[in-house]
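Below are the chains, spelled out letter by letter.
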Amino acid sequence: MRKQSVLRYQNTGSDCVRLFLISLNCNMKRSRQSGLLTQVAVVVLLATSAHAMRRKYEARKHWWDLAQNELAAALNVRDNWNVAKNVIIFLGDGMGITANTAARIFKGQKKGMNGEEGYMTWERFPNAALLKTYNVDKQVPDSAGTATAYLCGVKANYYTLGVDSEVTLGDCAAARNPIYHTPSILQWAQEAGKDTGFVTTTRVTHATPAALYAHSAHRNWECDGNLGQMGIGCKDIADQLVSENPGRNIKVILGGGRQSFGASTGPVNKDTCIRRDGRDLTREWLSDKAQQGHSAAYVTNAGELANVDVDDTDFLLGLFSDTHVPFEVDRVNSPAGSPSLTQMATKAVKFLQKNDNGFFLLVEGGRIDHALHDNLPHRALEEAVALDSAVAAVLEEVDLEDTLVLVTADHSHVMTINGYPERGNDILGMTGDISKIDNMPYTTLMFTNGPGFNYTTDGSRVIRQDPRTVDTRHVNYRSQAAVPLPPISETHGGEDVGVWAAGPMAHLFHRTHEQHYVAHVMAYAACVGPSAGKRCERPSHATFTRPPVPQAVATASATATSSIGAAVASAVASGQTGASVPFVGPKFPTLSPVLQQLIDDNERKIVTTLGSESVSSFTSAEDVRMLLGQSVLQPHSM
């Protein structure tokens, strides 16, 4: 009986304490003369109670309520058919599904949580899908070909930028042919009268941002010093940014890469393109803006960026390092240091919001990729959390009724989450398992290839490093890798990546898509480029909550049966593009329809609370009331 009671308590949790005490009391009455039994019973009780307290796992009701509340929220989601005045795309370079999951756990553990139960900010967006990342000529892609896909709307070859598949790697002659150039979502936005900008933690001439404005047969042609014999006759990427359209019309450019501009302030970085023509492109950029009668600011540190008056400045260029912006763990957090991704992103949004026609903005967390290439998971996860903070901060500045916000990745990496670690186990630690082959533990995060191999041999067998002898949480700890590769040479992964969407037309992300589909959705949402004019017509069942509506929508809206559709049609037909459209039904899109009434007043609070604060934050209505002070739907019971 005593054994059964203990087992029942261990298996079913704290509710069985009472059963254990009843059983224990009966046995103790039978054996009052046995002091030993009493001592053993107390020890067993304390041990099992401590075990239950130590686990702190959620009970059945938690999981039931969690799912029922999420179901109720899903049933209330409504599609947002509004025209996107603004489009913002956040790009986590290399942030594949594994990296995203690890970052979610890491983010939670930094807050003292188990980690698995939390969310990245974008994971609370109402729509999500998967993207196929392969290049035209590669099963596993690079960042240039993928950037061309999701920013220009066509897949391209490995290592090429802003050109279609007729241009192969290094083919300068073909790259000069404008027939093969692929205009980007940034160019389409400019043609529609919107302001544009980009923010990156890499060099501003690096693969991801360069696809917005450059046409190059080689992503490494960032400055003239890298053109070589193959690139003779082609203009380097930095030069294209400063002297050609659409680059010279970009209102906000923030990132690293002074050396490629011929504007270094420190010793030569041999790993970064060295300008050989003697030009200082920052001076040329300032001169060009002055000749056009525009006010322009060039800044090089966080303090200067903070002091820029957005109302009195037409163009903003910020280069905060000779090469890439420092990793977040290395960044000097002072006015003389580099700004954070959040500081750059929020400054860019405030700067671009001046245009009544709206804006396009790319924000790249580019150094996630760099850390993973070097098998440095701690650095990579810190960069992902920095991107998360930037997304949350930007959400405070925009209205999701007229702003499409996307978060995605260009490709994955070969990092894996392995073993069978306990819930809440340190994501940067060891799994708790011991290999039956070499009798050593192993870390949760490992790589299939890269510089972290660290093997030796005794002549007959290969021996790996014992992770117990090092600090696996150190920012410079390289996780072990199976296939040895040189430093910063771990390869990309070829699996699909996620895309998360909120705002107008976010519901168009709904299954597994080709990666170049992203550019077409952004264009359709904003009615620009290939979706300008009549090509932006919404279907007859579409409803709207935010004017103005393009003239092309009138035909579709005129046949709509809803009162919203009729009101839109009437407003457009009468030329009252600024007329108020009656609001019917719930607002869209909702991060949680259960809490939709708070979306306008405290958007970030909703994202943070539902996204990461507590495993019990969605368990019951009372929990949410305590967190937000608002009434919500009652959870469904079992």
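Residues numbered from 1 in each chain as written. Predicted model: local features only at pLDDT ≥ 70, side-chain atom pairs only at ≥ 80, totals over all residues. Heavy atoms only, no water.

A. The arrangement of the confidence of the model for the protein in detail. With 77% of its residues at a pLDDT of at least 70, the protein reaches an overall mean of 83. Throughout residues 549–621 the model reports pLDDT below 50, and contacts reaching past four residues in sequence, or to other chains, amount to 155 contacts. Every residue in residues 623–638 is under pLDDT 50, and counting partners more than four places away or in other chains gives 40 contacts. (pLDDT = per-residue confidence, 0-100. Contact = heavy atoms within 4.5 Å.)

B. Looking closely at the sheet that holds strand β8 (residues 403–409). Pairing within the open sheet is mixed, and its ten strands lie in the order β5-β6-β4-β3-β7-β1-β8-β18-β2-β19. Each having just a single partner strand, β5 (296–299) and β19 (512–514) make up the two edges of the open sheet. Neighbour-to-neighbour, the strand axes of the sheet open up by a mean angle of 15 degrees, direction not taken into account. Taken together, the six bridges between strand β1 (residues 86–92) and strand β7 (residues 359–365) define a ladder with parallel strand orientation. (Pairing = 2+ DSSP bridges. Helix = DSSP H or I, 4+ residues; strand = E, 2+ residues; numbered from the N terminus. Axes fitted to C-alpha atoms, helices over the stretch in contact; angles between N-to-C directions.)

C. Quick peek at the nonpolar core. One finds Phe 90 and Phe 360 to be the most contacted residues of the largest nonpolar core, which totals 118 residues. Excluding residues within four positions of it along the chain, Phe 360 makes contact with Val 87, Ile 89, Ile 185, Leu 186, Ala 189, Asp 195, Thr 196, Gly 197, Leu 212, Leu 352 and Met 522. Ranked by size, the runner-up nonpolar core spans nine residues in total, among them Cys 172, Ala 175, Ala 217 and Leu 227. (Core = buried A, V, L, I, M, F, W, Y, C linked by side-chain atoms within 4.5 Å. Buried < 20%, exposed > 50% of the residue type's maximum accessible area, 1.4 Å probe, protein only.)

D. Representation of the state of the cysteines. In the structure shown here, the tally under the stated rule is three disulfides. Residue pairing for Cys 172: its cysteine sulfur links by disulfide to Cys 234, the two sulfurs lying 2.0 Å apart. On the sign convention where negative means left-handed, the S-S torsion of about 125 degrees between Cys 172 and Cys 234 marks this disulfide as right-handed. Residue Cys 172 is located in helix α7 (residues 172–175), and its partner Cys 234 is located in the loop between α9 (207–213) and α10 (237–243); the two are separated by 62 residues in the primary sequence. (Disulfide = S-S within 2.5 Å.)

E. View of the sheet that holds strand β16 (residues 481–484). A sheet is described by the order of its strands in space; here three strands give the open sequence β10-β13-β16, paired in mixed fashion. Of all strands in the sheet, those bounded by a partner on one side alone are β10 (415–417) and β16. Averaged over all pairs of adjacent strands, the angle between strand axes in this sheet comes to 20 degrees, irrespective of strand direction. Across three bridges, β10 lies against strand β13 (residues 445–450) in antiparallel orientation. Considered in β13, the bridge of Thr 416 is made with Met 446. Taken strand by strand, helix α5 (residues 97–110) contacts β10 and β13, and its axis lies near 50 degrees from that of β10.

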